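# Residue-level structure breakdown
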Amino acid sequence: MDVKLTWLDTGYCRQLELFSRKGGRVKMIRFHALAGLIEHPQHGIWLFDTGYSPRFFQATQSFPYSLYASLTPVVTAPEQSVLAQLNQRGIAADEVKGILLSHFHADHIGGLRDFPKARLYCYESAYLHIKDKTGLAAVREAYLPDLMPADFAERVTFVDRLAPVELPARYAPYAKGYDLFGDQSAWVVDLPGHAQGQFGVFVRDRDHGELFLCADAAWSSEAYRRFLLPHPLARLIMSDRKAYRDELHKLHVLSRNRADDLRIMPTHCSEVWETTKEGGDFSWRS
Ligand SMILES: [Zn+2]
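Description of the structure in this document. (Residues numbered from 1 in each chain as written. Predicted model: local features only at pLDDT ≥ 70, side-chain atom pairs only at ≥ 80, totals over all residues. Heavy atoms only, no water.)

The coordination sphere of the zinc ion, as far as protein atoms go, consists of His103 (NE2), His105 (ND1), His194 (NE2) and Asp216 (OD), spread over 2.2 Å. Counting along the primary sequence, the residues that act as donors to the zinc ion give the motif H-x1-H-x88-H-x21-D. On the criterion of sequence distance, the pair formed by His103 in the loop between β5 (96-100) and α5 (106-109) and Asp216 in the loop between β12 (209-213) and α9 (221-225) is long-range, its members being 113 residues apart. A relative accessible area of 0% means that His103 is categorised as buried. (Donors = N, O, S within 2.8 Å, 3.2 Å for Na, K, Ca; no water. Helix = DSSP H or I, 4+ residues; strand = E, 2+ residues; numbered from the N terminus. Buried < 20%, exposed > 50% of the residue type's maximum accessible area, 1.4 Å probe, protein only.)

Here we come to the pairing of strand β3 (residues 44-48). Among the five residues that make up β3, four are buried, leaving the element largely enclosed by the rest of the structure. Across five bridges, the pairing between strand β2 (residues 28-40) and β3 is antiparallel. Directly across from Ile38, in β3, lies its bridge partner Trp46. Here β2 folds back onto β3 in antiparallel fashion, the turn holding three residues. Where β3 meets β5, four bridges bridge the pair, whose relative direction is parallel. Within β5, the residue paired with Ile45 across the bridge is Val96. (Pairing = 2+ DSSP bridges.)

Buried residues dominate strand β10 (residues 186-190), accounting for four of its five residues. Pairing between strand β9 (residues 176-179) and β10: two bridges, direction antiparallel. Along β10, the bridge assignment pairs Asp179 with Trp187. Here β9 folds back onto β10, and the loop between the two strands holds six residues, one of which, Gly182, carries a positive phi near 75 degrees. Bridge analysis of β10 against strand β11 (residues 199-205) gives five bridges, and the strand direction is antiparallel.

Let's shift gears to the sheet that holds strand β13 (residues 262-265). The strand order across the open sheet built from six strands is β8-β9-β10-β11-β12-β13, with neighbouring strands paired in mixed fashion. This sheet does not close on itself; its edge strands, each paired only once, are β8 (165-166) and β13. Sheet analysis places β11 next to β12, joined by five bridges and oriented antiparallel. In the strand pairing of β12, Phe202 is matched with Phe212. Helix α11 (residues 241-257) rests against β10, β11, β12 and β13 of the sheet, and its axis sits at about 150 degrees to β13. (Contact = heavy atoms within 4.5 Å. Axes fitted to C-alpha atoms, helices over the stretch in contact; angles between N-to-C directions.)

These values are about where atoms sit, not about what they do.
Put into structure tokens, the structure is as follows:
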């Protein structure tokens, strides 16, 4: 079954390009944080992550959370929040049925508290890793506790507690995953390495064919196409450097196997960001 996927640009942070990939320049570039609006013909409105929201500024006002804001200066505006952009499209907060949280970095959970009725979907391993962290321990995980709704535990479904199934062979080298809706329209797969318990999702878009929302398993399309690891300094923040390398290689292989009929879409990739503009271009290839 096909869904409709729309990327929403929720703002950006500034970072040195050399952090994002080996050979990058000593130059500040923008890392946009995108959120995916998924419209499923039977299951309604879903989100893949929630990007930034102005709540980021409140959550980083006091020390040590302010460190986060100084390390990655963020630019976002109220009209860029996922909620504001859904409202613009005539969608109310309560219409969002579920939110898929690829991982708990602050640039993925920024809009979470705007959707108090939505079911939340993450890996249990990801949640357990951050849930009791505050102060410096939280900042070290790029996690801001203030962005979490108080009733998270009551609304969450742990995807990694579902029964794993064999993925269709066309997704090789990815072999196992979770059939989220039980109708083969969205497959959740493990993407360890960047953050504890990160996952990605394969969906079929009704206009653009198969897509792989790979979150932060790569920071740019260039990185998986050419198998370019991030700068060694950036690798220091990865939860598991070996797993990150292995996953980036899998993305690289997938991009070669499926160069013509599947698009791999990293959350912070400038090519994916281009699709958020008016008449944005989905036509580039993996
Ligand atoms: Zn991340």
